[in-house]
Every structure is written in structure tokens, then in C-alpha cells.
Amino acid sequence: MESELPSFKESNPQLEVVAELNRGQHPYLKGLYKNKNERVVSVMNMTPEDVLLCATRLRNSLGRKVVKLKTRHVTKHPSVQGTWTTDMQI
């Protein structure tokens, strides 16, 4: 990672990249966003290419929280007739 980290810093001057050595802890990447959200990704047992890919994904993400949808079907205009079922008698 020491060989690829300086090139990642140079290609992304808008980011602040800090490398710290914490003994006794697994390595991780932490993304702090302007909307005050934080995202942490563990990079334990990853190759330097995979770590660079995770750092790129953190850079490209917006930092929003993941919202779980309540239903599978999302529409602005729900059906007035109701949902179709196989039990309909014509």
C-alpha cells in the first residue's frame, strides 16, 4: 500500500488521506463526508489493489445512509383497482 497511496493522494487532491499505524487493531478505511456521515470499511487480508478499490468506492459514494424500502413496488401513482391475484373470478 505504501507504493500506491502517494499516487492515490496525487490523483485526488480534494481528499485528505492520513495513514496511521495502530498496533493490535485490524486495518480499516474511514470515510468522513460533508453531511457529517461516516463510513468504515475493513480491509483486513486484502491485497493493495483491493484496498485501492475500496478507497475509490468510498470516494465515489455520497455518504448517505442506506434506506430500506418498505415494499418492492414503488410508484408515485398507486393503482386504484388494487393488486392482481390469481384468485380473481370473472
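Residues numbered from 1 in each chain as written. Predicted model: local features only at pLDDT ≥ 70, side-chain atom pairs only at ≥ 80, totals over all residues. Heavy atoms only, no water.

K.L.:
I'd like a rundown of the overall build of the protein chain, residues and numbers included.
P.N.:
Each helix and strand counted, the protein chain has 2 helices and 2 strands in total. Ordered by position from N to C terminus, the α and β elements of the protein chain give α-β-β-α. Against the compact-globule benchmark of 12 Å for 90 residues, the protein chain has a radius of gyration of 22 Å, which places it well outside the compact range. Principal-axis analysis of the C-alpha atoms places the extent of the protein chain at approximately 70 × 30 × 20 Å. Split into buried and exposed, the 90 residues of the protein chain put 14% on the buried side. Of the contacts made within the protein chain by residues no fewer than 6 positions apart, 45% connect residues no fewer than 24 positions apart. When the accessible surface of the protein chain is totalled, it reaches about 8900 Å², and 54% of it is carbon and sulfur. (Helix = DSSP H or I, 4+ residues; strand = E, 2+ residues; numbered from the N terminus. Rg over C-alpha atoms; globule rule 2.2 N^0.38 Å. Buried < 20%, exposed > 50% of the residue type's maximum accessible area, 1.4 Å probe, protein only. Contact = heavy atoms within 4.5 Å. Areas by Shrake-Rupley, 256 points an atom, 1.4 Å probe, with all protein chains shown as cover.)

K.L.:
Could you give an account of the pairing of strand E1 (residues 28-32), with specific residues and numbers?
P.N.:
Both E1 and strand E2 (residues 38-42) contribute to a ladder of 5 bridges, which runs antiparallel. Opposite Leu 32, over in E2, you have Glu 38 as the bridge partner. Between the antiparallel neighbours E1 and E2 lie 5 residues, among them Lys 36 with a positive phi of about 65°. (Pairing = 2+ DSSP bridges.)

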